[in-house]
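Single-letter residue listing:
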Amino acid sequence: MASSSSVRLHHLPFTSRRSPTPTNLQFCATSCQWRRLPVPGAAPPSLRLRALLSRGTEEVEKVEEQPGRIKIAVVGFGNFGQFLARTLVAQGHTVLAHSRSDHSAAAASMGALFFPDPHDLCECHPDVVLLATSILSTESVVRSLPLHRLRRDTLFADVLSVKEFPKRLLLGALPEEMDIICTHPMFGPESARDGWAGLPFMFDRVRVRDTCSARRALAEAFLGVFAQEGCRMVEMSCAEHDAHAAETQFLTHTVGRMLAALELRATPIDTRGYETLLRLVENTCSDSFDLYNGLFMYNNNSTELLNRLDWAMDAVKKKLFDGLHDVLRRQLFHVGEREGGAERTEVLAVVPGGGPDNDDGRATATATIKSGEENN
């Protein structure tokens with residue numbers, strides 16, 4: 001290898017912003033390989049090598065020059081990630097997408113750049129890394145990101161449906177220099193098909209350094225994405241969110257999936273209330289079961305809510321059957337023969353959880369009551 005004094009190092013515009021390497025090597029962004037430059041005085045090589053920027057990197061650099069725009073890496077480019085990315089692109093921000101599955105065609109159709117390799121994604125130095133993964137895969141995805149390739153002032157945000165879990169995960173996995181905002185858009189592709197205006201957007205500034213004006217500006221620019229669309233901005237702690245979400249979201253999904261198990265169908269005489277139930281089934285079951293399972297597994301309040309739901313169902317059933325034996329039983333009487341001058345009646349009662357008299361696990365009991373003795 002020739003000495004460094006005989007080498008001219010050519011610097012190409014490359015977004016990784018690394019300091020020059022004092023060797024006779026030149027970086028080619030297209031093939032991601034270091035290549036040796038010819039030594040002055042030596043015979044020319046048989047092939048002339050040129051380092052070209054990839055088309056994706058050129059586009060990123062062009063958008064970086066636009067004022068007031070931020071570069072957002074959407075990690076997890078599934079249904080919800082694409083839903084968010086369309087609005088981000090429409091607002092003029094640079095969207096870099098990454099996912100385990102190949103969504104390059106979907107990214108190209110909306111004007112985003114897709115990176116199958118997380119190293120390439122991080123080399124573009126996004127201002128914000130937005131986690132839109134499933135709840136169940138979030139930890140493995142975060143652990144797979146080459147965090148050392150990001151700038152120290154990178155802002156991490158998430159849009160998971162639970163908040164205490166990603167808060168603990170990001171605080172433990174990220175370097176202390178990186179800021180964190182936990183968010184939850186309380187809407188999705190179905191409920192926000194007509195726009196985001198008026199829909200609640202929850203956020204918690206978990207770690208944003210107030211001492212740095214640039215970091216504060218970046219955090220406000222990211223939150224401004226949702227404020228610009230007219231969202232109702234709701235700031236609350238992650239713990240408070242999970243307590244509320246157990247009822248507003250987990251209960252809704254639970255009831256929707258219970259109704260789906262009944263295989264409800266539209267009828268010619270549907271009431272408005274019944275139509276609402278059918279829409280609930282459609283909205284909740286259009287999401288994956290992994291989302292519903294994540295709402296249960298990663299929210300400490302979900303188990304308590306299921307217990308309360310069981311108690312509520314038992315309370316309703318008890319009230320119905322108590323009424324059957326008190327107020328409503330007279331409507332079920334069948335007048336039979338008289339015994340000893342007294343009217344003889346028979347009551348047929350359906351007892352829940354009874355013996356094997358019926359195929360569905362119920363038992364029937366017949367009682368004979370003489371007139372005048374009903375209230376004894």
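Residues numbered from 1 in each chain as written. Predicted model: local features only at pLDDT ≥ 70, side-chain atom pairs only at ≥ 80, totals over all residues. Heavy atoms only, no water.

A few words now on the overall build of the protein chain. The number of helices and strands found in the protein chain is 11 helices and 13 strands. Taking all 376 residues of the protein chain together, 36% fall into the buried category. For the protein chain, contacts bridging at least 24 residues in sequence account for 63% of all contacts bridging at least 6. (Helix = DSSP H or I, 4+ residues; strand = E, 2+ residues; numbered from the N terminus. Buried < 20%, exposed > 50% of the residue type's maximum accessible area, 1.4 Å probe, protein only. Contact = heavy atoms within 4.5 Å.)

Time to look at the side chain of glutamine 82. Relative to the helices and strands, glutamine 82 resides in helix α2 (residues 79-90). Setting aside chain neighbours within four positions, we find glutamine 82 in contact with Phe77, His103, Ala106 and Met110.

A few words on the sheet that holds strand β8 (residues 179-185). Spatial ordering of the open sheet is given by β5-β4-β3-β6-β7-β8-β9-β10, a layout of 8 strands whose pairing is mixed. Each edge of the open sheet is held by one strand with a lone partner, namely β5 (113-114) and β10 (232-235). In terms of strand pairing, strand β3 (residues 71-75) meets strand β6 (residues 128-131) through 4 bridges, oriented parallel. For valine 75, the partnering residue across the bridge sits in β6 and is leucine 131. (Pairing = 2+ DSSP bridges.)

What follows concerns the nonpolar core. By size, the foremost hydrophobic cluster in this structure holds 34 residues, and its most contacted members are Phe77, Trp196, Phe222 and Phe226. Looking at this core, the elements that each hand over two or more residues are β3, α2, β4 (94-98), α3 (104-110), β6, β7 (155-158), β9 (200-207) and α7 (213-228). The greatest single-element share of this core, amounting to 6 residues, is contributed by α7. Setting aside anything within four residues of it in sequence, one finds phenylalanine 222 in contact with Ile70, Val128, Leu130, Leu155, Ala157 and Thr183. (Core = buried A, V, L, I, M, F, W, Y, C linked by side-chain atoms within 4.5 Å.)

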